[in-house]
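# Per-entry structural report
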Amino acid sequence: MAKRPWLRSLRSRLLAGVLAVTAIGLAAAAIVGVTGLQSFLDQRIDQQVKIAMADSKRTLGPDGQLMSIPAEAGSCSVAVIDAAGNQLSHAGAVQTMPTPPVTDLARYAAGGAPVTVTAGQDYRIQVATLPGGRFLLVSEATAWSDAVVYRLVLIELAVTLIALALAVALAVGVSRFVLKPLDTMSATATRIADGELSHRVELAGAPTEVAVLGQSMNQMLGRIEDSFTQRQLAEDRLRRFVADAGHELRTPLTAIMGYAQLVRKGALNEPEQLDDAMRRVEDETHRMTSLVDELLLLARLDQGRPLDRVELELAELVTVAVQNARAADPHRSLTLIIEPGAHPVVGDEHRLSQVLGNLLANIRAHTPAGTTAEVRVSRAGSDELVDVIDQGPGIPPEQADKVFERFYRADTARHRVAGTGEGSGLGLSIVAAIVAAHQGSAAVVPHRGGAWLRVVLPAAPVAEFSADSEVTPMSFRG
Ligand SMILES: Nc1ncnc2c1ncn2[C@@H]1O[C@H](COP(=O)(O)OP(=O)(O)O)[C@@H](O)[C@H]1O
Ligand SMILES: [Mg+2]
């Protein structure tokens, strides 16, 4: 490539190709034409020579005088030459004739066929022996046929040059027309490189092949733009997450620092005051620890680290979680309804317990004391469902998706139940992340009344659930 920089552009290659093909075609046509004409004229001269020879032999007078030769013999001339090389008579076209030596005449006569001799100019001659050592010599100059061929060569040359010029002009025009969409495409690419990500290649009017290329390019651009936007969104999300996390961590730290200053300044001299301050410091430290744990868990889930994949009975997990919730809040009626049958899932026991724990903790945190609630485990097709339904204030439809966002807390004045402490707003986002890591989903089910949260997990295939880990092909027999 680098060796032939002039062939680097498509346009010049197209031009070179058209030129080469046209030139080869025209040259071949010219060569065939010229050689064809040449051999036709040669044949014709030989034919005329033979006619003149035959006619002269036939009409030769008894003492060797020649009649005029027929018109078909063209511009041949005929001569009778004696053994000494003297011309006795001649006929035909008035012209200088070649006069080869007698020894040559004898040789030509022996050969029989016409031969070419040069004497000032080229001639085709044929010689026959006559009685008495004489020779009959027929000749025709080939100059006129050479002139015709020369003329044809000139004409072919002129035609070739004109045709090449036309081909170049046509190729330039066509390449401009054909390559225009490519120019447009490269202009588009440049605009995109300059940051206009939503710009697309114009497809209307482009030839099919270019349109196909343009279409794939547009598809690719769409993907690039999508992934770019997605990355932008992810970056924004991360930035917001870090800012929110910092903000959340700052609140308990400020409180702890406040109490520490009070203690240092000796402002808390009553033992109960000091006790109270220390208890609050402890509370805040607890809050911070659990917040950091939650953040670490989310970070780990974000990294997509593999979770445990153990066969679990969902009904058992839910039963344990409900028992824990009842123990934490004995005055609340918490009903558990388990659809008969197995509820196998594959997953991480600890994480799935955390999902159930978070959902049940939200009932304690966001519904008034004594509010009744219900937990259901059921099967729907190839999914296992866990529904957590309470009779509390519920979640407004416009917040149904937002509650799964990180650090999102709904209007606290309306929902939050006094004495439960302030949640971090990470509980449901952890639920969503864990469930997603199990190829499941979590959502708020729209309905009148309290909150209804549903977790969907893919049911473990029964074969996988109960299969012996040491199954061999043998056990499939029969
Ligand atoms: N059972 C529920 N009843 C009413 N609102 C709820 C319930 N569960 C969750 N929410 C709302 O969803 C928000 C997000 O929940 P969550 O992510 O667990 O954060 P947190 O509990 O720390 O506030 C809560 O602030 C609350 O407004
Ligand atoms: Mg919560």
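Basis of the calculations
The residue numbering used here restarts from 1 in each chain and proceeds along that chain's sequence as written. Chains and ligands are labelled by the order in which they are written, letters from A for the one and numbers from 1 for the other. Since the coordinates come from a predicted model, pLDDT governs what is reported: local features require at least 70, and pairs of side-chain atoms require 80 or more to be given and counted, while whole-chain, interface and lining totals use all residues. Side-chain metrics rest on all non-hydrogen atoms present in the structure, leaving aside hydrogens and water. A pairing counts as a salt bridge when a side-chain nitrogen of Lys or Arg comes within 4 Å of a carboxyl oxygen of Asp or Glu. Helical segments are the DSSP runs of H or I of at least four residues, strand segments are the runs of E of at least two, and each set is numbered from the N terminus. Think of it in three bands: with a 1.4 Å probe and only protein chains considered, a residue is buried below 20% of the maximum accessible area for its type, exposed above 50%, and partly exposed in between. Note on pairing: two strands pair once DSSP finds at least 2 bridges between them. Definition of nearness: a residue and a molecule or strand are near each other if at least one heavy atom of the residue lies within 4 Å of the molecule or strand. The definition of a polar contact used here is a pair of N or O atoms within 3.5 Å, where within protein one atom must be able to donate a hydrogen and the other to accept one, and adjacent residues in sequence count solely through side-chain atom pairs. In these tables, accessible area is a Shrake-Rupley quantity obtained with a 1.4 Å probe, and a residue counts as shielded only by the protein chains included in the view. UniProt positions are given in the numbering used here, feature names are shortened, and annotations may be inferred rather than shown by experiment. Fitted lines through C-alpha atoms serve as axes, helices being fitted only where they are in contact, and the angles separating the N-to-C directions of these axes extend from 0 to 180 degrees. Any pair of residues with heavy atoms lying within 4.5 Å of one another is described as a contacting pair. Delimitation of the domains relies on an automatic or database domain assignment. Here the quantity called buried area is the total loss of accessible area, with a 1.4 Å probe, experienced by two parts when brought into contact, counted for both. Residues are sorted three ways: Asp, Glu, Lys and Arg are charged, Ala, Val, Leu, Ile, Met, Phe, Trp, Tyr, Cys and Pro are nonpolar, and all the rest, Gly among them, are polar.

Looking at an unreviewed UniProt entry, one finds the chain named histidine kinase and attributed to Kribbella antibiotica.

### Points about the pattern of salt bridges
In the structure shown here, the tally under the stated rule is 17 salt bridges. Close ionic contact of Arg 280 with Asp 276 constitutes a salt bridge, the shortest N to O distance being 3.6 Å. Remark: Asp 276 and Arg 280 occur in helix 5 (residues 271–303); sequence separation between them is four residues, near one turn of the helix. Shared partners join several salt bridges into a network, and the residues in it are Glu 235, Asp 236 and Arg 239.

### Describing the environment of Trp 6
Inspection of the secondary structure puts Trp 6 in the segment before helix 1 (10–59). For Trp 6 and Ala 16, which are ten residues apart along the polypeptide, the C-alpha to C-alpha distance reads 9.9 Å.

### So, the pairing of strand 4 (residues 121–130)
Counting buried residues along strand 4, seven of its ten residues qualify, which places the element largely inside the surrounding structure. Here five bridges tie strand 3 (residues 115–119) to strand 4, and the two strands are oriented antiparallel to one another. Across the sheet, the residue bridging to Thr 118 is Asp 122, located in strand 4. Once strand 3 ends, the chain turns through one residue before running back antiparallel as strand 4, passing Gly 120 with a positive phi of about 80 degrees. As paired elements, strand 4 and strand 5 (residues 134–141) share eight bridges and run antiparallel to each other.

### Details of the site of ligand 1
If you check the shell around ligand 1, you find 18 residues, and the closest are His 366, Asp 390, Ala 410, Gly 425 and Leu 428. At 2.8 Å from an oxygen atom of ligand 1 is found a side-chain nitrogen or oxygen belonging to His 366. Here Gly 425 contributes a backbone N or O atom positioned 2.7 Å from an oxygen atom of ligand 1. Protein chains bury 96% of the 530 Å² of accessible surface belonging to ligand 1 in isolation. Broken down by secondary-structure element, the contributors of at least two residues to the shell around ligand 1 are helix 7 (349–366) and helix 9 (427–437).

### Looking at the UniProt feature "transmembrane region" (unreviewed entry) in the chain
UniProt's entry tags residues 148–172 with the feature "transmembrane region" (unreviewed entry), counted in the numbering of this structure. In residues 148–172, the share of helix is 100% and the share of strand is 0%. The end C-alpha atoms are 36 Å apart.

### A short note on the pairing of strand 12 (residues 452–458)
Taken across its seven residues, strand 12 has five buried, putting it largely inside the fold. Pairing geometry for strand 10 (residues 383–390) and strand 12, over seven bridges, is antiparallel. Counterpart to Val 386 in the pairing with strand 12 is Val 455. In this structure, strand 11 (residues 441–444) lies alongside strand 12, joined through four bridges in antiparallel fashion. Among the inter-strand pairings, Ser 441 is bridged to a residue of strand 12, identified as Val 456.

### Structural notes on the sheet that holds strand 7 (residues 334–338)
Read across the sheet, five strands follow the order 7-9-10-12-11 without closing on themselves; strand pairing throughout is mixed. Edge positions in the sheet fall to strand 7 and strand 11, since each has one partner strand and no second. For this sheet, the mean angle separating the axes of adjacent strands, direction not counted, is 15 degrees. Strands strand 7, strand 9 (373–380), strand 10 and strand 12 of the sheet are contacted by helix 6 (residues 314–328), whose axis makes an angle of about 175 degrees with strand 7.

### Here's the deal with the domain arrangement of the chain
Domain annotation of the chain identifies domain 1 (6–156), domain 2 (208–296) and domain 3 (306–466). Using C-alpha coordinates to define each centre, domain 2 is positioned 24 Å away from domain 3. Counting from both sides, the interface comprises eight residues of domain 2 and, opposite them, seven residues of domain 3. Of the roughly 690 Å² buried between domain 2 and domain 3 on both sides combined, carbon and sulfur atoms contribute 64%. Three residues stand out in domain 2 for area buried against domain 3, namely Phe 241, Glu 248 and Glu 294, and they jointly supply 63% of the buried area on that side. Linking domain 2 to domain 3 there are one salt bridge. Linking Arg 409 and Glu 248 is a salt bridge whose minimum nitrogen-to-oxygen distance equals 2.7 Å. Counting every contact that joins domain 2 to domain 3 gives two residue pairs in polar contact (both at pLDDT 80 or more). At the level of elements, helix 4 (208–264) and helix 5 are the ones that each hand at least two residues to the side of domain 2 that touches domain 3. A per-class count over the side of domain 2 that touches domain 3 returns four nonpolar, no polar and four charged.

### Looking at the sheet that holds strand 4
Ordered by their spatial adjacency, five strands build an open sheet running 2-1-5-4-3, and the pairing between neighbours is antiparallel. At either margin of the open sheet sits one strand with a lone partner, and together these are strand 2 (87–92) and strand 3. Recorded for the sheet is a direction-independent mean angle of 30 degrees between the axes of neighbouring strands.

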